[in-house]
Amino acid sequence: MKKVFLAMAMCVGFSGFAQVFNVTSLEKVATPENPQAEVVGISPKGDYLLLSTASHKGLTKFDLTTNEAKTLTTADGAGYDVKISQDGNTVVYREDSFNENHLRMRSLNKMNLATNEASQIVAPTRNLQGVAVEGTTAKVVNNGKFSAKAMNSNVKAEQAVPTLSIKNRQLMITRNGKTSVFSPNGQQFSYIWESVSPDASKALYYVCGVGAFVCDINGKNVKPLGVVRAPQWYDNNTVVGMQDVDNGEFIISSKVVAVTLDGTMQTLTGDDVVAMYPFASPATGKIAFSTPAGEAYIINVTK
């Protein structure tokens, strides 16, 4: 793999000289020559990336050790909100289709990477609200109804951790199989990019036009994290995301940032790369992202 190392001087935190991470290197990944390639996931073990197109069509597994690229599916919508099991062996992805009335439908599939076998978890529906993966369990909210699907037939599905989803722009929460409106900042806002912390104690979400927030899983103790788009948990106290700027038509700049729950923020990329949609592999200290030009990078960090 070709590596490009950037000067550590670019990693200056916003809170004085405080830092969230020690950034050891930035690597440019030798992904296939495809200008539409976009990073949509990194395995928990940090051994492969998932790539898709800008329109989320198809999924490609890119092995970071061998540089081998393997097509997993060509399904429309497969690259949107794709999930990877904690053991890295199963990928959960969506597939878009149209019914006889020309209405868009969305099914949920899983693929076993060891056997290359794909199977359907949820039949085509108009109301797939949210999907989360906990260990080897896919947790699905479909039209307000919750189901837990064991991705390994030898493992019982777990349902204990609350599941977040979006319905009619509102943030929903499912507890003990029952789904209700959550929306901690109020129902006058629109919500997106929702997730539960690794220890299941907090909720992370983005309020459109406002910024990222975190709160206790009971909806209390709401804290702003700033304009951190596409936020996701790195660990129970750290979130990574992006700060992008557009001119009304094109993204003209974007940086990957990390922020702690106490408000310490650090920029992890420089002005020479348009860094978008980061995905983290905390166990290996890797944060992957891509650029609008279809280039993929990995930031290597320690804490």
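Look above for the structure.
Residues numbered from 1 in each chain as written. Predicted model: local features only at pLDDT ≥ 70, side-chain atom pairs only at ≥ 80, totals over all residues. Heavy atoms only, no water.

Another aspect to go through is the sheet that holds strand β23 (residues 265–267). The pairing of strands in a sheet happens through backbone hydrogen bonds and is either parallel or antiparallel. Ordered in space as β20-β21-β22-β23, the four strands form an open sheet in which the pairing is antiparallel. Both edges of this open sheet fall to β20 (229–235) and β23, since each of them pairs with a single strand only. On average, adjacent strands in this sheet sit at an angle of 25 degrees to one another, irrespective of strand direction. Here three bridges tie strand β22 (residues 251–260) to β23, and the two strands are oriented antiparallel to one another. Paired with Val257 across the strands is Thr267, a residue of β23. (Pairing = 2+ DSSP bridges. Helix = DSSP H or I, 4+ residues; strand = E, 2+ residues; numbered from the N terminus. Axes fitted to C-alpha atoms, helices over the stretch in contact; angles between N-to-C directions.)

Taken in spatial order, the four strands of this open sheet run β6-β7-β8-β9, and their pairing is antiparallel. Edge positions in the sheet fall to β6 (83–84) and β9 (117–125), since each of these pairs with one other strand and no more. With nine bridges connecting them, strand β7 (residues 90–98) and strand β8 (residues 104–112) associate as antiparallel partners. Within β8, the position partnered with Glu95 by the bridge is Ser107.

A word on the packing of aromatic side chains. One pass over the structure, following the stated rule, counts five aromatic pairs. A centroid spacing of 5.3 Å and a plane angle of 75 degrees characterise the contact between Trp193 and Tyr206, whose relative ring orientation is edge-to-face. Of this pair, Trp193 sits in strand β16 (residues 191–196) while Tyr206 is found in strand β17 (residues 202–207), placing the two residues 13 residues apart along the sequence. For Trp193, a relative accessible area of 23% translates into the label partly exposed. In textbook terms, an aromatic cluster arises when at least three aromatic residues are bridged by ring pairs, as seen for Tyr191, Tyr205 and Phe213. Over the aromatic face of Tyr48 sits the side chain of Lys61, whose NZ or CZ is 5.0 Å from the ring centroid. (Phe/Tyr/Trp six-rings, centres within 6.5 Å; stacked < 30°, edge-to-face > 60°. Buried < 20%, exposed > 50% of the residue type's maximum accessible area, 1.4 Å probe, protein only. Lys NZ or Arg CZ within 6 Å of the ring centre and 35° of its normal.)

Another aspect to go through is the environment of Gln243. Mapped onto the fold, Gln243 is located in strand β21 (residues 238–246). For the pair Gln243 and Ser254, spaced 11 residues apart in sequence, the C-alpha separation works out to 5.4 Å. Here the side chain of Gln243 touches Val227 through a polar contact of 3.2 Å, landing on its backbone oxygen. (Polar contact = N/O pair within 3.5 Å; in protein donor to acceptor, adjacent residues only side chain to side chain.)

Now for the pairing of strand β5 (residues 69–73). Where strand β4 (residues 59–63) meets β5, four bridges bridge the pair, whose relative direction is antiparallel. The residue of β5 that forms the bridge with Phe62 is Ala69. Linkage of β4 to β5, two consecutive antiparallel strands, is achieved through a turn of five residues, within which Asn67 is found at a positive phi near 65 degrees.

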